[in-house]
Amino acid sequence: MSAPYHPVQTNEKASTSDLDLESDDMNATTPPRPRYSTRRLLEIALFFLSLLINAYLLGYRSTPVTVSPPPNDHSNELSLSVDPGRLEPLYSPANVALKDEYRVFTKLGVKTPYNTPYDDETDKLWEDMYSMGIQKIDKHEAALLPNWTEPIEGDDEHYVVILHVFHQLHCLNYLRKALMPERYPNITRFGPPIPPDPTPFDHTDHCINTIRESLLCNPDITPDVYQWKEERQSIYLHLDTLHVCKSWDALTDWAKERQVLETWDAKGRKVHDHDAHLRL
């Protein structure tokens with residue numbers, strides 16, 4: 001038995017049906033496409049997070065070291081508000097004189113003019129290294145110091161300082177002379193007590209500690225090397241290595257230009273406002 005016959009629809013009918021289907025699709029409710037994809041939203045979030053981090057780091061790095069004014073009792077204890085690991089360099093009026101230069105240190109076993117013999121010529125070489133002594137700076141430079149200092153008596157425009165390296169050299173020369181009391185009989189080890197220590201002031205002990213503090217404060221990390229010496233048949237320490245140093249001539253030129261030449265009475269201190277220069 002044959003299957004029933006079903007007439008094929010005409011092209012017109014088929015076309016009408018297709019239009020109906022398209023119309024149904026257009027009338028159907030479809031969810032709107034999102035404006036930004038998930039990946040795009042993540043990129044925007046990371047961008048703004050990066051801006052926040054950079055703004056924080058910029059503020060973190062630009063925060064200056066704050067130094068509190070000296071207390072009324074004029075003690076030298078300062079409150080430095082800094083975070084560990086990001087100390088700001090302290091101001092020194094001599095910063096402008098600092099210049100780097102290469103220098104080879106003296107070879108082990110070789111004497112310099114600063115070594116023995118102990119005579120007038122050697123003494124003068126040592127004293128000339130720090131003979132410029134006390135320097136004067138103007139009140140604007142004094143205002144930038146982390147520690148207050150005294151004005152020069154009769155000259156309110158200038159204040160007195162001494163670069164610490166000159167004190168170090170004084171102490172080193174003192175220890176050099178202390179090793180030869182027969183030539184320097186006037187070297188006095190003990191002096192009047194300096195409060196709060198009730199014992200006599202020990203100049204030798206003071207100088208040893210001053211040099212110790214300076215070496216630990218500014219350690220020279222240049223590696224000294226060991227090399228084989230054929231004539232000694234041994235590995236030999238070499239101290240004649242290349243160092244990056246500060247130009248001593250440039251620093252002493254700066255100090256000489258500001259040397260206090262006039263007579264200055266350290267006991268002629270007048271009453272004045274120690275804090276005034278900090279408010280300039």
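Anything mentioned here points back to the structure above.
Sequence order as written defines residue numbering, which begins from 1 separately in each chain. The predicted origin of the model limits local features to residues at a pLDDT of at least 70 and limits the giving and counting of side-chain atom pairs to 80 or more, whereas totals for whole chains, interfaces and linings rest on all residues. Note that the side-chain values use all heavy atoms of the structure and ignore hydrogens as well as water.

**A closer look at the pairing of strand β6 (residues 155-161)**
How we decide: DSSP bridges decide pairing: two strands pair if at least two such bridges lie between them. Counting from the N terminus, the helices are the DSSP runs of H or I reaching at least four residues and the strands are the DSSP runs of E reaching at least two.
As paired elements, strand β4 (residues 135-138) and β6 share four bridges and run antiparallel to each other. Of the residues in β6, the one forming a bridge with Asp138 is His158. The sheet contact formed by strand β5 (residues 151-152) and β6 spans two bridges and is antiparallel. When the sheet's bridge partners are listed, Pro151 is paired in β6 with Tyr159. Hairpin connection of β5 to β6: two residues between the antiparallel strands, including Gly154 at a positive phi of 85°.

**Points about a nonpolar patch on the surface**
Where we set the bar: Like charges within 9 Å and nonpolar side chains (Val, Leu, Ile, Met, Phe, Trp, Tyr) within 5 Å are joined into patches, using only residues over 30% in relative accessible area that form no salt bridge. The accessible surface values rely on the Shrake-Rupley method and a 1.4 Å probe; as for residues, cover is taken only from the protein chains in view. Salt bridges are defined as contacts in which a side-chain nitrogen from Lys or Arg sits within 4 Å of a carboxyl oxygen from Asp or Glu.
On the surface, a cluster of nonpolar side chains totalling about 380 Å² of accessible area is made up of Leu42, Leu46, Leu49 and Ile53. Relative to the helices and strands, Leu46 is located in helix α2 (residues 38-62).

**Brief notes about the side chain of Thr210**
So the rule is basically this: For every residue, the accessible area (1.4 Å probe, protein chains only) is compared with the maximum for its type, and the residue is labelled buried under 20%, exposed over 50%, or partly exposed between those bounds. By definition in these notes, contact holds between two residues if any of their heavy atoms fall within 4.5 Å.
Topologically, Thr210 is positioned in helix α6 (residues 203-217). Exposure remark for Thr210: the relative accessible area of 7% places this residue in the buried category. Once residues lying within four places of it in the same chain are set aside, the contact partners of Thr210 are His164, His167 and Cys171.

**Overview of α6**
For clarity, the threshold we go by: What a helix should span is 1.5 Å times the count of its residues minus one. The directions from the helix axis to the C-beta atoms are what the arc is built from. The term polar contact refers here to a pair of N or O atoms within 3.5 Å; inside protein, the definition further demands a hydrogen-donor-capable atom paired with an acceptor-capable atom, and it admits residues adjacent in sequence only when both atoms are side-chain atoms.
The terminal C-alpha atoms of α6 lie 21 Å apart, and with 15 residues this matches the ideal 21 Å at 1.5 Å per residue to within 8%. Taken together, the buried positions of α6 are occupied by His203, Thr204, Cys207, Thr210 and Ser214. What you see down the axis of α6 is that its buried residues fit within an arc of 130°, all on one side. Buried residues along α6 sit in contact with α5 (164-178) and β8 (201-202). Of the residues flanking the start of α6, the one acting as N-cap is Asp202, its side-chain oxygen 3.1 Å from the backbone nitrogen of Thr204.

**Let's talk about the packing of aromatic side chains**
Under the convention used in this document: Aromatic rings from Phe, Tyr and Trp, taking only the six-membered ring of Trp, are treated as a pair when their centres fall within 6.5 Å; an angle between ring planes under 30 degrees marks them as stacked, one over 60 as edge-to-face, and anything in between as tilted.
As enumerated under the stated definition, the model contains three aromatic pairs in all. A ring pair is formed by Tyr114 and Trp126, whose centres lie 6.0 Å apart and whose planes are at 85°; its orientation type is edge-to-face. Placement of Tyr114 in the loop between β3 (100-104) and α3 (120-128) and of Trp126 in helix α3 is noted, with a sequence separation of twelve residues between them. A relative accessible area of 33% means that Tyr114 is categorised as partly exposed. Residues Tyr118 and Tyr184 carry aromatic rings whose centres are separated by 6.2 Å and whose planes lie at 70° to one another, so their mutual orientation is edge-to-face. Of this pair, Tyr118 sits in the loop between β3 and α3 while Tyr184 sits in the loop between α5 and β7 (190-191); the two residues are 66 residues apart in sequence, bridging distant segments of the chain.

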